[in-house]
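# Examination of the molecular architecture
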Amino acid sequence: MTVHDPILAAAQRARATIPDDVAMLRAAAELTRDLSTADARIYWPDMLASALIGWGALAGAILIDYVPLAIACGVVAMLALYRAASFIHELTHIRAGALPGFRAGWNLIVGIPLMIPSFLYEGVHTQHHARTRYGTAEDPEYLPLALMKPWSLPLFILVASLAPVGLILRFGVLTPLSLIIPPLRAKVVAELSALSINPAYRRRAPEGAFARMWAWQEAGACLFALALVGSVFLFGWKPLLVYMAIHSAMTVINQLRTLVAHLWENEGDPMTVTAQYLDSVNVPPPGSLPALWAPVGLRYHALHHLLPSVPYHNLAAAHRKLIATLDPQSPYHRGNYRGMMPLVGKIARSTMAAR
């Protein structure tokens, strides 16, 4: 969608070219030098506990016949698996060799059983952080949602709710078919192999070590998708439907989080680092609910855009340092919000504005 109103277009360009705040950028770099090391003693227990609770609660939701208790198990499973799945974001930023075995472990325990192996995000998300790509047509994770039509937001959520069906089709049907139909394989790799929201994004074919990693992860997800379908013949429909309901709810929560991760007000202009920060969102304490809907450091999404190499367990400390150090007039304070609903309301109102 193009902004035709010259006043709105001029305002948009002004936001994109906000001069970089040197004091904020210098403080962010200097105050967090000791916070850039990923701690395996935090990553592994957090991921494993989240997965164990999630899969255990999922089993409870399937096996327990008492409906209220089964629903409670389903909610616990959704939240725990959502937290476990959110480590895919960390995988894209972890330095090579920093956490030996963590990528493979996460894929085997979480990524493949949820049909979201890390190759879908690795090599994609880093483009969202590229200085010259953020908010442009080349950004796989950006759309000017706040400038679109009102129906675009419900559609954005509806698509997420269908994710389990789409993933079963992607891995259970298209993966094996594409191996024997080369033109289909090219299309699957380019258009159906990235966790992105930009429909125009096209992915390059993988090469070298990444291609080998892609291959075993895709094979695992394919086998799991086929096993899910086959489980109907052995165990009936209930296990599959419960799994899909929990997976769908988890994906909807993540899509809502994505909806408020940015203000989505840019329409293709390259943005300064400060403008990118101000188009992004922190939801820091004292609110406690963001720890559930924006887990694994995602509540500090704007700060993450300033410091993408800081691991999730150090973002709260980095935030406290910056809040205590920066002048009250610093742009840093303007990136902090109170919760999800005010942000959803802001974007909804923006889509209803006349253009």
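Quantities reported herein were computed from a predicted structural model and do not represent experimental measurements.

### Overview of the overall build of the chain
When helices and strands are counted, the chain shows 17 helices and 0 strands. Its C-alpha atoms give the chain a radius of gyration of 21 Å, near enough to 20 Å, the size a compact globule of 355 residues would have. Expressed along its principal axes, the backbone C-alpha trace of the chain runs to roughly 60 × 45 × 45 Å. Here the chain, with 355 residues, has 52% of them falling under the buried criterion. The long-range fraction of contacts in the chain, counting pairs at least 24 apart against all pairs at least 6 apart in sequence, stands at 75%. Put simply, the chain has 28 plus and 21 minus side-chain charges, and the middle of one group is 2 Å from the middle of the other.

### What to know about empty space enclosed by the protein
One way to see where empty space is left: roll a probe the size of a water molecule over the atoms. Taken as a whole and assessed by the stated rule, the structure comprises 2 cavities of 30 Å³ or more. In terms of lining residues, the largest cavity is bounded by Arg257, Val260, Ala261, Val281, Val283, Trp293, Ala294, Leu298, Arg299 and His301. Grouping the amino acids of the lining of the largest cavity by side-chain chemistry returns 7 nonpolar, 1 polar and 2 charged. Space inside the second largest cavity adds up to approximately 40 Å³.

### Focus on the packing of aromatic side chains
Considering all chains together, one arrives at 13 aromatic pairs under this definition. Where Phe224 meets Tyr243, the ring centres are 6.2 Å apart and the plane angle is 50 degrees; that geometry is what we call tilted. With a gap of 19 residues between them, Phe224 in helix H11 (residues 208-235) and Tyr243 in helix H12 (residues 238-259) connect regions that are remote in the sequence. A residue is classified by how much of its surface remains accessible, and Phe224, at 25% relative accessible area, is partly exposed. Following the ring pairs from residue to residue traces out a cluster consisting of Tyr43, Trp44, Phe87, Phe102 and Tyr312. When the ring centre of Phe171 is taken as origin, the NZ or CZ atom of Arg170, which lies over that ring, is 4.6 Å away.

### Observations regarding the nonpolar core
Core analysis: the biggest nonpolar cluster contains 45 residues, and Phe87, Phe102, Trp106, Val110, Met115, Phe171 and Ile246 have the highest contact counts within it. Taken together, the elements giving at least two residues each to this core come down to helix H3 (40-63), helix H4 (67-85), helix H5 (87-91), helix H6 (102-111), helix H9 (163-180), H11 and H12. In contact with Phe102, not counting residues within four places along its chain, are Tyr43, Trp44, Met47, Phe87, Leu91 and Ile94. Formed by 27 residues, the second largest nonpolar core is a distinct cluster that contains Ala16, Leu145, Val260 and Ala294.

Criteria and thresholds
- Residues numbered from 1 in each chain as written.
- Predicted model: local features only at pLDDT ≥ 70, side-chain atom pairs only at ≥ 80, totals over all residues.
- Heavy atoms only, no water.
- Helix = DSSP H or I, 4+ residues; strand = E, 2+ residues; numbered from the N terminus.
- Rg over C-alpha atoms; globule rule 2.2 N^0.38 Å.
- Buried < 20%, exposed > 50% of the residue type's maximum accessible area, 1.4 Å probe, protein only.
- Contact = heavy atoms within 4.5 Å.
- Lys, Arg positive; Asp, Glu negative; His and termini not counted.
- Charge placed at Lys NZ, Arg CZ, Asp CG, Glu CD.
- 1 Å grid on protein atoms, 1.4 Å probe; cavity = no way out; pocket = protein on both sides within 12 Å on 5 of 7 lines; lining within 4 Å.
- Points joined across faces, edges and corners; volume = space filled by probe spheres on them.
- Nonpolar A, V, L, I, M, F, W, Y, C, P; charged D, E, K, R; others polar.
- Phe/Tyr/Trp six-rings, centres within 6.5 Å; stacked < 30°, edge-to-face > 60°.
- Lys NZ or Arg CZ within 6 Å of the ring centre and 35° of its normal.
- Core = buried A, V, L, I, M, F, W, Y, C linked by side-chain atoms within 4.5 Å.

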